[in-house]
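Below are the chains, spelled out letter by letter.
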Amino acid sequence: MIKVLALIFLFHIYGQGLCHNGTRPNIVMVMSDAFDGRLTFDPGSKVVQLPYINYLRELGTTFLSAYTNSPICCPSRAAMWSGRFVHLTQSWNNYKCLDVNATTWMDLLEKNGYHTKMMGKLDYTSGSHSVSNRVEAWTRDVQFLLRQEGRPVTQLVGNMSTERIKKVDWKHTDMATQWIHQRAASPHQPFALYLGLNLPHTYNTESLGPTAGGSTFLTSPYWLKKVSSDLISVPKWLPMAAMHPVDYYSTFTKNCSGDFTVEEVKKIRAFYYAMCAEADAMLGQVISALRETSLLNNTVVIFTADHGELAMEHRQFYKMSMFEGSSHVPLIIMGPGLMSGLQVNQLVSLVDLYPTVLDIAGISAVGNLSGHSLLPLLSKSSAFPKRQHPDWVLSEYHGCNVNVSTYMLRSGQWKFIAYADGQSVHPQLFDLTVDKEELHNVALKFPDVQAHLDKLLRSIVDYPKVSTAAHLYNKKAFGAWRQSLGRNYSQVIANLRWHVDWQKDVLANERAIDRWLYGSF
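Residues numbered from 1 in each chain as written. Predicted model: local features only at pLDDT ≥ 70, side-chain atom pairs only at ≥ 80, totals over all residues. Heavy atoms only, no water.

K.L.:
Can you walk me through the sheet that holds strand β2 (residues 61-63) in this structure?
P.N.:
Strand pairing in a sheet relies on backbone hydrogen bonds. The paired strands run either parallel or antiparallel. Read across the sheet, 7 strands follow the order β4-β6-β1-β9-β10-β2-β11 without closing on themselves; strand pairing throughout is mixed. Looking along the sheet, the strands with just one partner apiece sit at the ends: β4 (115-120) and β11 (342-344). Neighbour to neighbour, the strand axes of the sheet diverge by 10° on average, direction disregarded. Relative to β11, β2 is paired through 3 bridges, and the arrangement is parallel. In the strand pairing of β11, T62 is matched with Q343. Against the sheet, helix α2 (residues 51-59) contacts β2, β9 (299-305), β10 (331-334) and β11, and its axis sits at roughly 60° relative to β10. (Pairing = 2+ DSSP bridges. Helix = DSSP H or I, 4+ residues; strand = E, 2+ residues; numbered from the N terminus. Axes fitted to C-alpha atoms, helices over the stretch in contact; angles between N-to-C directions. Contact = heavy atoms within 4.5 Å.)

K.L.:
I'm lost on the state of the cysteines in this one. Help?
P.N.:
A covalent bond bridging the sulfur atoms of two cysteines is what the word disulfide describes. In total, this model carries 0 disulfides according to the counting rule given. Of the cysteine sulfurs around C400, a residue in no disulfide, the closest is that of C73, at 9.5 Å. The exposure class assigned to C400 is buried, which follows from its relative accessible area of 1%. (Disulfide = S-S within 2.5 Å. Buried < 20%, exposed > 50% of the residue type's maximum accessible area, 1.4 Å probe, protein only.)

K.L.:
What am I meant to see in the packing of aromatic side chains here?
P.N.:
Applying the stated criterion across every chain yields a total of 24 aromatic pairs. Look at Y95 and W138: their rings are 5.8 Å apart centre to centre, the planes differ by 85°, and that puts the pair in the edge-to-face class. Taken together, the residues Y95 in the loop between α4 (86-89) and α5 (105-111) and W138 in helix α6 (residues 131-138) connect sequence positions 43 residues apart. Judged by its relative accessible area of 3%, W138 falls in the buried class. Between the aromatic rings of F478 and W516, the centroid separation amounts to 5.6 Å while the plane-to-plane angle is 70°, which identifies the pairing as edge-to-face. Taken together, the residues F478 in helix α15 (residues 463-485) and W516 in helix α18 (residues 506-518) connect sequence positions 38 residues apart. Judged by relative accessible area, which is 8%, W516 ranks as buried. (Phe/Tyr/Trp six-rings, centres within 6.5 Å; stacked < 30°, edge-to-face > 60°.)

K.L.:
Sorry if this is basic, but what is going on with the pairing of strand β1 (residues 26-32) here?
P.N.:
Across the 7 residues of β1, 7 count as buried, placing the element largely inside the fold. Burial of β1 is two-sided: the residues N26, V28, V30 and S32 facing one way and the residues I27, M29 and M31 facing the other way are all buried. Examined bridge by bridge, β1 and β9 share 7 bridges and lie parallel to one another. Of the residues in β9, the one forming a bridge with V30 is F303. Sheet topology note: the β1/strand β6 (residues 191-196) ladder contains 5 bridges and is parallel. Bridge assignment links M29 to a residue of β6, and that residue is Y194.

K.L.:
I would appreciate a short explanation of the pattern of salt bridges in the present structure.
P.N.:
It is possible for side chains bearing opposite charge to pair when their charged atoms get close. Per the counting criterion, the structure on display carries 19 salt bridges. Here R38 and D36 are joined by a salt bridge, their closest N and O atoms 2.8 Å apart. A salt bridge links D501 to R147, with the nearest nitrogen and oxygen atoms 2.6 Å apart. Placement of the pair is D501 in helix α17 (residues 499-502) and R147 in the loop between α6 and β5 (153-156), with a sequence separation of 354 residues. (Salt bridge = Lys/Arg side-chain N within 4 Å of Asp/Glu carboxyl O.)

K.L.:
Even after reading the chapter, I still don't get unusual backbone geometry, so can you show me in this structure?
P.N.:
Most peptide bonds are trans, and most residues other than glycine sit at a negative phi. A cis geometry characterises the amide bond from D42 onward to P43, with omega recorded as 0°. Relative to the helices and strands, P43 is located in the loop between β1 and α2. In this model, L199 is joined to P200 through a cis peptide bond whose omega is 0°. Residue position: P200 is located in the loop between β6 and β7 (203-204).

K.L.:
I would appreciate a short explanation of the nonpolar core in the present structure.
P.N.:
Residues F35 and L56 are the most contacted members of the largest nonpolar core, which totals 82 residues. Broken down by element, the residue count for this core peaks at 18 residues, all from helix α10 (residues 262-292). If we skip the residues at most four places from it in the chain, L56 touches T61, L283, I287, V301, F303, I332 and M334. The next biggest cluster of nonpolar side chains, apart from the first, holds 44 residues, and it includes V86, A470, W481 and A494. (Core = buried A, V, L, I, M, F, W, Y, C linked by side-chain atoms within 4.5 Å.)

K.L.:
Would you mind showing me how to read the sheet that holds strand β16 (residues 428-431) here?
P.N.:
Reading across from one edge, β13-β14-β15-β16 is the order of the 4 strands in this open sheet, with antiparallel pairing throughout. With partners counted over all chains shown, the strands left at the sheet margins are β13 (392-397) and β16, one partner each. The sheet shows a mean angle of 15° between the axes of neighbouring strands, direction not considered. Note: β13 against strand β14 (residues 406-411), 6 bridges, orientation antiparallel. When the sheet's bridge partners are listed, E396 is paired in β14 with Y407.

K.L.:
For this particular structure, what's the right way to read empty space enclosed by the protein?
P.N.:
In this approach a probe as big as a water molecule rolls over the atoms, and the regions it shows empty are the leftover space. All told, the structure shown has 2 cavities of 30 Å³ or more when counted by the stated rule. Roughly 120 Å³ of volume is contained in the largest cavity. For the largest cavity, the lining is made up of 14 residues, of which D247, M320, S321, M322 and T406 are closest to its centre. For the lining of the largest cavity, the secondary-structure elements that each account for two or more residues are α9 (245-253) and β15 (414-419). At 3 residues, α9 tops the list of elements feeding residues into the lining of the largest cavity. (1 Å grid on protein atoms, 1.4 Å probe; cavity = no way out; pocket = protein on both sides within 12 Å on 5 of 7 lines; lining within 4 Å. Points joined across faces, edges and corners; volume = space filled by probe spheres on them.)

Everything listed here is a matter of geometry and, on its own, says nothing about what the molecule does.
What follows is the structure in structure tokens.
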């Protein structure tokens, strides 16, 4: 705590202008994975000690309504790096995202004189993630129901002095701090540093074999002590039979349809919060390096995440959902010449970071961006015109664990969720002012609101057309993959993450895929 107070004191002394000594500011972005944005402001911030996030919050601007543009790793990051909605770049799933030569805001910073460095988890170009992950996404609307994940579990490791659990993240954090110290020797050229963390993303469940997904919430007693167990809420669940059909599919394929005790749910949530505390410490190490090198006074620091984590809300873990735990991301920006202690209610999303970063660097954005600069909302200076930001945000999802393309529009008090062609699957509508837990679909109760938001959504994206494009891509990509396997196809597809359920009726599952690919026969 003393260290954090010292940082605050120094920032108040030195952080007085967007440019220090006439130079453009340095830019440091720390992007975590699966960090629930509601933990960065009250009341969520009280459940776990996050001193460095609180430090950024006190000296920077916290966006209270920041959303991912797609609640899964690669498409979300594709939107952030490109500044464009995922349907515009056809970033359909974790396997299909941006081309390797796509222009990012980091490329433009480098082109305009910044010394740039990207390290840690990047995950925005096509070709990554497991075979299971891509096949599950391609076959999402095949008429079968298979569990694709391990049941969410917890694992405690180490003891009260075990701090470094996620070794790869700490390695990259150490590299980032070393790089900052090296840059201090060349103060005349501004720099931009991106650090991508895996935490607090769940760990792979090793006991389930090499194809297993990430269903283990893992931490040590050291981090667990940062969590206020008496403040951990137990989310309410709808009965399975009362769920929206898409949510039912998600709950089942995520292996969450079985029984969970209250103690299990609270433990999963406690371990998740502890993993967030470890990620916060990595952010703190980066901030401390900036202070130690006297660079903090001329550096804009941005903390965000690709998506959130449900942590057993709505009887689910992971993301891949438009519910708040999955879609609401942290966004805090601190730097010279920017407002301190400000909380902004404006609806914003990750595509806004592209034009914001360029605005901070004094670079004009080119091309048709989906986002809008947030600098007018942040800056102390009146030189930045107070351009009106749209009063809505768009998120969309076309990947695994959800059996139709999904579109979320946040506007005012409302969250509107449309599916597929807008007709074959009924929509959901939540009034977040009175239903923060999103348990009451009021689409039928407020038909005029539903009609208005559907019209607004269609003015932003022709979502029936996009859904068709994603569906056709899935068939084409799966067909090509299947053909590439030749005679090995049956063996490979039977041994993916869904192998336990697949083996119960191999022939029926293969026939379901054939009907999907080729029609009834």
